[in-house]
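Here is how the chains run, residue by residue.
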Amino acid sequence: MQSLEALGEAVRAMKSLSAHHFREARRAVEPARAYQRGVEHLLRGVAAPFTGGTGGAGLLVIGAELGLCGSYNAQVAAEATARRAVLGRGPTLCVGHRAVSLLHRRGVAVERAYTAPTRVAGITTLLLSLAEDVLGRYAVDRLASFDIVSSRFEGVGLVRPVSTRLLPFEGSAAEATNGVRYVGQDAFAFAATREFLYITLHDLLLDALASEHGARLFATQSAERWLDEQATRLRRRLAATRREASTQEVMEIAAGARARAAEATHPDGA
């Protein structure tokens, strides 16, 4: 019982922490998506400065860093393995060391791994180096494309890994804007593409973080229910054992009393 109670306290603490980070990430998801849609709308009216080459296809996998969400990482790794097989040759980058180990087991070589953020505040620090590496590899290696495999948030405990095309951005001349003021068309296109790259990565990292904490929250809730059931079952067993012990003691006392009464009635043993 003491072991179950100690484990229950640890699970409840992780549940409370996951719920806090989940609410924090969930509040930021919709504003980030709205901003990303606005930048994408502006970018469709200009010619994208970064076009695809012939150097293979890059892949970025966004997994988790902490425990208690094994199925989350497993599903992301499975989707990334399938996507890597479709894309063929090219570099693979991965956020989250747990996902890296799963990819290695599936035969996918990871060129660089990043520590996954555990809260919203950690996304900004990761985003700077991540965007630089993605854009640098895309431009220097003349990659044909760069995709991202991550989990989109659809609810607590609902994990659905998806693949998103990050580069090149495919605009549409039919959606061209009425012109750009104050700056040149090329400067605006470069700035808009850079902003689109940053906000898309931020949106996907934020969405993945909300999904991860949602999966961990669901896992801790399930673990808490299991511990409660085990504790209840164990209490019943202890109560039954104590009743049996009490009954045995009463029977022994009664037997002893009968024996003493018999000795008093027949002191000579006849």
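Residues numbered from 1 in each chain as written. Predicted model: local features only at pLDDT ≥ 70, side-chain atom pairs only at ≥ 80, totals over all residues. Heavy atoms only, no water.

Asks: I'd like a rundown of the side chain of Ser150, residues and numbers included.
Replies: As for its placement among the helices and strands, Ser150 is situated in strand β4 (residues 145-153). In this structure, Ser150 is in contact with Ile62, Arg160, Pro161, Val162 and Leu204, ignoring residues within four places of it in sequence. (Helix = DSSP H or I, 4+ residues; strand = E, 2+ residues; numbered from the N terminus. Contact = heavy atoms within 4.5 Å.)

Asks: Could you give an account of the nonpolar core, naming the residues involved and the relevant values?
Replies: Leu60, Tyr72, Leu103, Leu130, Phe146 and Leu201 are the most contacted members of the largest nonpolar core, which totals 54 residues. Ranked by residues supplied to this core, first place goes to helix α5 (residues 185-265) with ten residues. In contact with Leu60, other than residues within four places in its own chain, are Leu93, Cys94, Val95, Leu130, Val134, Phe146, Asp147, Ile148, Val149 and Leu201. (Core = buried A, V, L, I, M, F, W, Y, C linked by side-chain atoms within 4.5 Å. Buried < 20%, exposed > 50% of the residue type's maximum accessible area, 1.4 Å probe, protein only.)

Asks: Tell me about the layout of surface pockets, and name the residues and values.
Replies: The volume enclosed by the largest pocket comes to roughly 260 Å³. Lining the largest pocket are 15 residues, and of these Gln36, Glu40, Thr164, Arg165 and Phe196 sit closest to its centre. Breaking the lining of the largest pocket down by element, the ones donating at least two residues are α1 (2-43), β5 (159-167) and α5. When its residues are assigned to classes, the lining of the largest pocket shows five nonpolar, three polar and seven charged. (1 Å grid on protein atoms, 1.4 Å probe; cavity = no way out; pocket = protein on both sides within 12 Å on 5 of 7 lines; lining within 4 Å. Points joined across faces, edges and corners; volume = space filled by probe spheres on them. Nonpolar A, V, L, I, M, F, W, Y, C, P; charged D, E, K, R; others polar.)

Asks: Could you give an account of empty space enclosed by the protein, with specific residues and numbers?
Replies: Taken as a whole, this structure holds one cavity of 30 Å³ or more when the rule is applied. Size it by volume and the largest cavity reaches roughly 60 Å³. In this structure, the largest cavity is lined by Ile62, Gly63, Tyr72, Val95, Ala116, Pro117, Leu205, Ala208, Leu209 and Glu212. Sort the elements by how many residues they give to the lining of the largest cavity and α5 lands first, with four residues. Partitioned by chemical class, the residues of the lining of the largest cavity number eight nonpolar, one polar and one charged.

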